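# Overview (structure and organization)
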Amino acid sequence: MDCLFCKIIDGEIPSTKIYEDEYVYCFKDIAPIAPIHYLIIPKVHISGADQINGENSVMTAKVFEAAAKIAKSEGIESYRIINNCGDDAGQTVKHLHFHFLAGVKMGWGPESLGITK
Ligand code: AMP
Ligand code: ZN
């Protein structure tokens, strides 16, 4: 399948691995927007959060389980997990992924989410 993140999971495209288990893969975002910016993805191809269903929703639980493990192992006490679903929300890669952001004090509100009107 012509999917960038499937290729990263297969090792066809290089990445900086942070964590991996049977279900998920975590690697550094190539264009970090915070001191710590990882992407956590299920190993099965799901094109976006709008494709989560009763058959595959356990993968999302595995992503959050991995996030908690990663945070614990790196001593990260505070983090934000973001999913962009669809073009208006800013999804550029059509393989379900969760941004794991940490290492900085984060704001909350329309500006910090890129909502301009
Ligand atoms: P989104 O805009 O939510 O679809 O997020 C896609 C993310 O993938 C962006 O933050 C990109 O910087 C990141 N990205 C794109 N290509 C790569 C790559 N080859 N390795 C690591 N991260 C990537
Ligand atoms: Zn994929």
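Above this text you will find the structure in question.
Below is a short write-up of the structure. Predicted, not measured: the structure shown is a model, and the values here were computed from it. (Residues numbered from 1 in each chain as written. Chains lettered and ligands numbered in written order. Predicted model: local features only at pLDDT ≥ 70, side-chain atom pairs only at ≥ 80, totals over all residues. Heavy atoms only, no water.)

## A word on the overall build of the protein chain
Just so we agree on the cut-off: Runs of E in the DSSP output that reach at least two residues are strands. Runs of H or I that reach at least four are helices, and both are numbered from the N terminus. Only C-alpha atoms enter the radius of gyration; for comparison, a globular chain is expected to reach 2.2 Å times N to the power 0.38, where N is the number of residues. Relative accessibility decides the category of a residue: with a 1.4 Å probe and only protein chains considered, values under 20% of the type maximum give buried, values over 50% give exposed, and everything between is partly exposed. Contacts are residue-level and defined by heavy atoms, with any inter-residue pair within 4.5 Å sufficient. Charge counting follows a simple rule: Lys and Arg are positive, Asp and Glu are negative, and His as well as the terminal groups are ignored. A charge is said to be at NZ when it belongs to Lys, at CZ for Arg, at CG for Asp and at CD for Glu.
Scanning the protein chain for helices and strands turns up two helices and five strands. For the protein chain, the N- to C-terminal ordering of α and β elements is α-β-β-β-α-β-β. Against the globule reference of 13 Å for 117 residues, the protein chain gives a C-alpha radius of gyration of 14 Å, in line with a compact fold. Taken over 117 residues, the protein chain has a buried fraction of 38%. The contacts in the protein chain between residues at least 6 apart in sequence include a share of 52% that link residues at least 24 apart. The distance from the centre of the 11 positive side-chain charges to the centre of the 15 negative ones in the protein chain is 5 Å.

## What about the environment of Val-63?
Relative to the assigned elements, Val-63 resides in helix α2 (residues 58–74). Put simply, Val-63 and Cys-26 are 37 residues apart on the chain and 8.9 Å apart in space, counted from C-alpha to C-alpha. Not counting residues up to four positions away in its chain, the partners in contact with Val-63 are Val-24, Ile-40, Ile-41, Pro-42 and Phe-98.

## Quick notes on the nonpolar core
Inside soluble globular proteins, nonpolar side chains tend to come together where they are buried. Applicable threshold: What is meant by a nonpolar core is a set of buried Ala, Val, Leu, Ile, Met, Phe, Trp, Tyr and Cys residues, joined one to another through side-chain atoms within 4.5 Å.
Core analysis: the biggest nonpolar cluster contains 18 residues, and Ile-40, Ile-70 and Phe-100 have the highest contact counts within it. Secondary structure elements with two or more residues in this core: β2 (24–28), β3 (36–42), α2 and β5 (98–102). Broken down by element, this core gets its largest block of residues, six residues, from α2. In this structure Ile-70 touches Ile-18, Tyr-19, Cys-26, Tyr-38 and Ile-40, once residues within four positions along its chain are discounted. Phe-5, Ile-8, Ile-9 and Phe-27 belong to the second-largest nonpolar core, a separate cluster that totals ten residues.

## Brief notes about the site of ligand 1
Note the cut-off: Think of it this way: one heavy atom of a residue within 4 Å of a molecule or strand is enough to make that residue near it. Counted as a polar contact is a pair of N or O atoms within 3.5 Å, where, for protein atoms, one must be capable of donating a hydrogen and the other of accepting one, and residues adjacent in sequence contribute only when both atoms are in side chains. Using a 1.4 Å probe, accessible areas were evaluated by the Shrake-Rupley method; residue-level cover was limited to the displayed protein chains.
Close to ligand 1 lie 16 residues; Asp-29, Asn-84, Gly-90, Thr-92 and His-99 are nearest. With respect to ligand 1, the side chain of Asn-84 contributes an N or O atom lying 2.9 Å from an oxygen atom. His-99 has a polar side-chain atom sitting 2.8 Å from an oxygen atom of ligand 1. Computed on the free molecule, ligand 1 has an accessible area of 510 Å², of which 83% lies beneath the protein chains in the complex.

## What about the sheet that holds β2?
Under the convention used in this document: Strands are treated as partners if at least two bridges between them are detected by DSSP. Fitted lines through C-alpha atoms serve as axes, helices being fitted only where they are in contact, and the angles separating the N-to-C directions of these axes extend from 0 to 180 degrees.
With antiparallel pairing, the five strands of this open sheet are ordered in space as β1-β2-β3-β5-β4. Every interior strand has two partners, whereas the edge strands, β1 (17–20) and β4 (80–82), have only one. Each strand of the sheet is rotated relative to its neighbour by a mean of 20 degrees, with strand direction disregarded. The pairing of β3 with β5 spans five bridges and is classified as antiparallel. By the bridge assignment, Tyr-38 is partnered in β5 with Phe-100. α2 rests against β1, β2, β3, β4 and β5 of the sheet, and its axis sits at about 145 degrees to β3.

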